[in-house]
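Residues per chain, in single letters:
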Amino acid sequence: MTELELARAAAKALDSKKALDLKILRITELSVIADYFVIATGTSNTQVKALADEVEFRLKEQGVAPGHMEGYHSNSWVLLDYGSVVVHVFTPESRNFYDLDRLWKDGEEVDPGLSE
């Protein structure tokens, strides 16, 4: 599975649970920490956890497990680190506060491929 395929699989899992404002940013040229960020918003702390659980479950079905997870117990920002792909799931307040969309605005927004 390529990095883009992994990012799109995560986006598909998020979309299946009704994530809002879903984006894939290609940051290969901007950072050594990852090639792609997948960013999504859940409507509540409960949905944030459900979204993160769904990504983890769906990707494990494909043989991919996160190397690291952060924020799982806070449920306002959960980060799933798949090495070249980092998935960020926020509550609306946390997404606004941390504003990764602005911080990584030089990243290339990639079609999440949800219609495929």
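The rules behind the values
Residues numbered from 1 in each chain as written. Predicted model: local features only at pLDDT ≥ 70, side-chain atom pairs only at ≥ 80, totals over all residues. Heavy atoms only, no water. Core = buried A, V, L, I, M, F, W, Y, C linked by side-chain atoms within 4.5 Å. Buried < 20%, exposed > 50% of the residue type's maximum accessible area, 1.4 Å probe, protein only. Helix = DSSP H or I, 4+ residues; strand = E, 2+ residues; numbered from the N terminus. Contact = heavy atoms within 4.5 Å. Salt bridge = Lys/Arg side-chain N within 4 Å of Asp/Glu carboxyl O. Pairing = 2+ DSSP bridges. Axes fitted to C-alpha atoms, helices over the stretch in contact; angles between N-to-C directions.

### Let's talk about the nonpolar core
At step 1: Grouped together as the largest cluster of nonpolar side chains are 25 residues, with contacts concentrated most on Leu14, Val38, Val55, Tyr82, Val85 and Val87.
At step 2: With seven residues, helix H1 (residues 3–16) is the largest single contributor of residues to this core.
At step 3: Apart from the residues lying within four places of it in its own chain, the contact partners of Val55 are Ala10, Ala13, Leu14, Leu80, Tyr82 and Val87.
At step 4: Judged by nonpolar contacts, the second largest core, of ten residues, contains Phe37, Ile39, Phe90 and Trp104.

### Things to note about the pattern of salt bridges
Side chains that carry opposite charge are capable of pairing whenever their charged atoms lie near each other.
At step 1: This structure, assessed with the given rule, holds seven salt bridges.
At step 2: In this structure, Asp101 and Lys23 form a salt bridge, with 3.0 Å as the shortest nitrogen-oxygen distance. Separated by 78 residues along the polypeptide, Asp101 in helix H4 (residues 100–103) and Lys23 in strand S1 (residues 20–26) bring together distant segments of the chain.
At step 3: Under the relative-accessibility criterion, Asp101 is labelled buried at 18%.
At step 4: With a closest N to O distance of 3.2 Å, Asp99 and Arg102 form a salt bridge.
At step 5: Sharing partners across several salt bridges, the network here consists of Asp21, Lys23, Arg95 and Asp101.

### Re the sheet that holds S1
At step 1: Strand order in the open sheet made by the six strands is S3-S4-S5-S2-S1-S6, with mixed pairing throughout. At either margin of the open sheet sits one strand with a lone partner, and together these are strand S3 (68–70) and strand S6 (108–110). The average undirected angle you get between the axes of adjacent strands in this sheet is 20°.
At step 2: Note that S3 and strand S4 (residues 77–81) share three bridges and pair antiparallel. Paired with Glu70 across the bridge in S4 is Leu79.

These figures come from the coordinates and say nothing about function on their own.
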